[in-house]
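# Descriptive structure summary
Here is what each chain is made of, one letter per residue.
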Amino acid sequence: MTSSMNTFSLSSCDWIGFDLDHTLIRYRLFELHTLIYQSMCQYLIDFHQYNSHLLEIPYDDYFGVKGLIYDSLYGNLIQLNSKGVVHTALHGVQKRLSSKDIQEIYPHALEDIEEDTSKRFLCIFTYFEHSISYIIANLVDLIDENNVYEKSSNKNIDNEKKYNFFLSDLFNGFDYLFNDFNRGNYFSSIEKNPEKFIYQRSDVRQWLEKLRENKKRLFLATNSRLDYTNLLTSYAFGEDWQNLFDMIIVDCKKPSFFSNSTKRIFHRITDDNNLIPVTNDEIIKNFQKNYIYSWGNSDDLQIIMNQISGKESIVIYFGDHIKSDINALKRHTNWLAGVVIEELEFDVLPTVIHTSTHQLATKNELYTKGNPSKYFSSFFTSPMDSMIFHSEETNETQFEQTKPDAVLPNLSSYWYTYITKHAHLSLSCLSVLANDFDLNHEFQQDHSVFLH
């Protein structure tokens, strides 16, 4: 059983699973972010009469950072330290809140903010949402200027939902742009010019082939639809990409795929793109036919893997979404959790905290790296100028400004702590494993290992 292992290696795993986007597929980030930014701005203008000035504002690739949290009550983009205390807040693009203002608005720690059900907070987890933080900041500025809609529009802002109303338009925009292959210009742009937006991954393909040569079973489990999956993988791995996997599951609807809150059965996708419900026994019986499936759940998948392997299978799954992939997987399965975080290539890790868990691999020069933000702190750290001190007499948290000191460690961020809690293995890119580690390399399970 996975839970009883103190160390693990890929050679000890029976099944190795992968998410698609930002895991198997590596995007050219600036091009991806710019495409999503422009597509969403165009959608807001065309369908909701937003100010066309939005499209005149070029995308700033140095603005956002993964893991920003939008507070729709006050219109602030915020960052948290490891305890959930707000250390940075930006209102609009340029207005940075002072420590005093932050204390007044956020006097208490925002613990478990990723589980917020009030819909006040929006966590920006992935690179698909990354550029939306810049749209949000610009919209807040336009709202404050009372200039968010076109002059010809008869729409008015509801002051009770001043910084909240546009979120539904953004959500509808995501649905419009990403849930229909024939709608909007996102899919068509990538289809016309895939080399502009994604990398070919010959090294990862060779690694997948090596894993299969070593009798490892490989599976793909992605929320992406089959048409988009086929577009990306055909360019990145070749037209025969399906032969790299023992099982392919699309539209699997994580995180509920792992939590089984809605226990969906597997469906086989037919050649004419229809869905046929299938039982576990049918999947096992037709295993060699390389059918592609949708929906399903991890409990049934574990049963299927055990039957095919003839034993209780040890499973590791790699994904990029720290909540929908890693948190859900860790909470609801006994699989090992591997998270792909490209920030490990260019962002700042805590300099003292957890240094024993870092393992430096050879730098990978195959890819253009992302950019750190000029407006926010690292994804991994909290700034030294907002260090927290506890009063022993009052047992209350006090805030004190301190000057940066090379002796003082950077405080770890909320998301860094979150990752170390839920992930067994963190790496910047699958190419790190493909090029720098033997299959028999032993990783410690009781703490996260960070591979740069």
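Structure: above.
Conventions we followed
- Residues numbered from 1 in each chain as written.
- Predicted model: local features only at pLDDT ≥ 70, side-chain atom pairs only at ≥ 80, totals over all residues.
- Heavy atoms only, no water.
- Core = buried A, V, L, I, M, F, W, Y, C linked by side-chain atoms within 4.5 Å.
- Buried < 20%, exposed > 50% of the residue type's maximum accessible area, 1.4 Å probe, protein only.
- Helix = DSSP H or I, 4+ residues; strand = E, 2+ residues; numbered from the N terminus.
- 1 Å grid on protein atoms, 1.4 Å probe; cavity = no way out; pocket = protein on both sides within 12 Å on 5 of 7 lines; lining within 4 Å.
- Points joined across faces, edges and corners; volume = space filled by probe spheres on them.
- Nonpolar A, V, L, I, M, F, W, Y, C, P; charged D, E, K, R; others polar.
- Polar contact = N/O pair within 3.5 Å; in protein donor to acceptor, adjacent residues only side chain to side chain.
- Contact = heavy atoms within 4.5 Å.
- Pairing = 2+ DSSP bridges.
- Salt bridge = Lys/Arg side-chain N within 4 Å of Asp/Glu carboxyl O.
- Phe/Tyr/Trp six-rings, centres within 6.5 Å; stacked < 30°, edge-to-face > 60°.
- Axes fitted to C-alpha atoms, helices over the stretch in contact; angles between N-to-C directions.
- Parallel < 35°, antiparallel > 145°, perpendicular 65-115°, else oblique.

We now examine the nonpolar core. Formed by 146 residues in total, the largest nonpolar core has its most connected members in Phe18, Tyr186 and Leu208. If one sorts the elements of this core by residue count, helix α1 (residues 29-48) sits on top with ten residues.

This brings us to the layout of surface pockets. Empty space within the largest pocket amounts to approximately 1,500 Å³. Along the walls of the largest pocket sit 42 residues, with Thr126, Glu129, Asn223, His321 and Ser324 positioned nearest its centre. At the level of secondary structure, the elements contributing two or more residues to the lining of the largest pocket comprise β7 (121-123), α3 (127-130), α4 (132-144), α5 (166-178), α6 (186-192) and α13 (322-332). Across the lining of the largest pocket, the residue classes tally to 18 nonpolar, nine polar and 15 charged.

Turning our attention to empty space enclosed by the protein. In the structure shown here, the tally under the stated rule is five cavities of 30 Å³ or more. Size it by volume and the largest cavity reaches roughly 60 Å³. Contributing to the lining of the largest cavity are Lys66, Gly67, Leu68, Gln79, Leu80, His87, Ser378, Phe379, Ser413, Tyr414 and Trp415. Mapped onto the lining of the largest cavity, the elements with two or more residues apiece are β4 (76-80) and α14 (414-422). For the second largest cavity, the calculated volume is near 50 Å³. Every residue lining the second largest cavity is listed: Asp246, Met247, Ile283, Asn286, Phe287, Asn290, Tyr291 and Tyr293. Along the lines of polarity and charge, the residues of the lining of the second largest cavity split into five nonpolar, two polar and one charged.

Next up on the list: the side chain of Ser234. Positionally, Ser234 belongs in helix α9 (residues 226-237). Looking at Ser234, the relative accessible area reads 13%, which means it is buried. In terms of polar contacts, Ser234 uses its side chain to reach the backbone carbonyl oxygen of Asn230, at 2.7 Å. With residues up to four places along the chain from it excluded, the contact list for Ser234 reads Glu239 and Trp241.

This brings us to the sheet that holds strand β3 (residues 69-71). On the basis of which strands lie adjacent, the open sheet formed by five strands has the order β6-β5-β4-β3-β7 and antiparallel pairing. With one partner strand each, in any of the chains shown, β6 (95-96) and β7 form the two edges of the open sheet. Judged from the five bridges that link them, β4 and strand β5 (residues 86-91) form a sheet pairing that is antiparallel. Across the sheet, Leu77 pairs through a bridge with Leu90, a residue of β5.

Below, the discussion takes up the pattern of salt bridges. The final tally for this structure, using the stated rule, is 14 salt bridges. Here Asp227 ties to Arg225 by a salt bridge, and the two come within 3.6 Å at their closest N and O atoms. Residue Asp227 is classed as partly exposed on the basis of its relative accessible area, which comes to 28%. Residue Arg225 is classed as partly exposed on the basis of its relative accessible area of 38%. What emerges from the salt-bridge pattern is a single network uniting Asp19, Lys254 and Asp325.

Moving on, we come to the pairing of β4. Successive side chains on a regular strand alternate, one facing one side of the sheet and the next facing the other. For β4, the tally of buried residues reaches five of five residues, placing the bulk of the element in the interior. Of the two faces of β4, both are covered, the one formed by Asn76, Ile78 and Leu80 as well as the one formed by Leu77 and Gln79. Relative to β4, β3 runs antiparallel, the two being bridged by three bridges. By the bridge assignment, Asp71 is partnered in β4 with Asn76. In this structure, the hairpin formed by β3 and β4 is closed by a connection of four residues, where Gly75 is found at a positive phi of approximately 75°. What sits between β4 and β5 in their antiparallel hairpin is a turn of five residues, with Gly84 showing a positive phi close to 90°.

Here the focus is the pairing of strand β10 (residues 266-269). Here β10 pairs with strand β12 (residues 292-295) via three bridges, running antiparallel. Bridge pairing links Phe266 to Trp295 in β12. Where β10 and strand β11 (residues 275-277) come together, three bridges link them in antiparallel fashion. Looking at the pairing, Ile269 lines up with Leu275 of β11. The antiparallel hairpin formed by β10 and β11 contains five residues in its connecting segment, where Asn273 sits at a positive phi of about 70°.

On the secondary structure map, Asp60 appears in the loop between α1 and β3. Reaching out from Asp60, the side chain makes a polar contact with the side chain of Tyr375 at a distance of 3.4 Å.

So, about the packing of aromatic side chains. Under the definition given, this model contains 40 aromatic pairs. The interplanar angle of 50° and the centroid separation of 5.1 Å between the aromatic rings of Phe63 and Tyr134 together place this pair among those described as tilted. Pair noted here: Phe63 is in the loop between α1 and β3 and Tyr134 is in helix α4, with a separation of 71 residues, a long-range link. Grouping residues by exposure puts Phe63 and Tyr134 together as buried.

Between α1 and α4, the shortest axis-to-axis distance is 9 Å and the interhelical angle comes to 40°. As judged from the angle between their axes, α1 and α4 are oblique. Contacts between α1 and α4 pair Ile36, Tyr37, Met40, Cys41 and Leu44 from the former with Ile132, Tyr134, Ile135, Asn138 and Leu139 from the latter. Considering only residue class, the contact of α1 with α4 consists of nine nonpolar, one polar and no charged.

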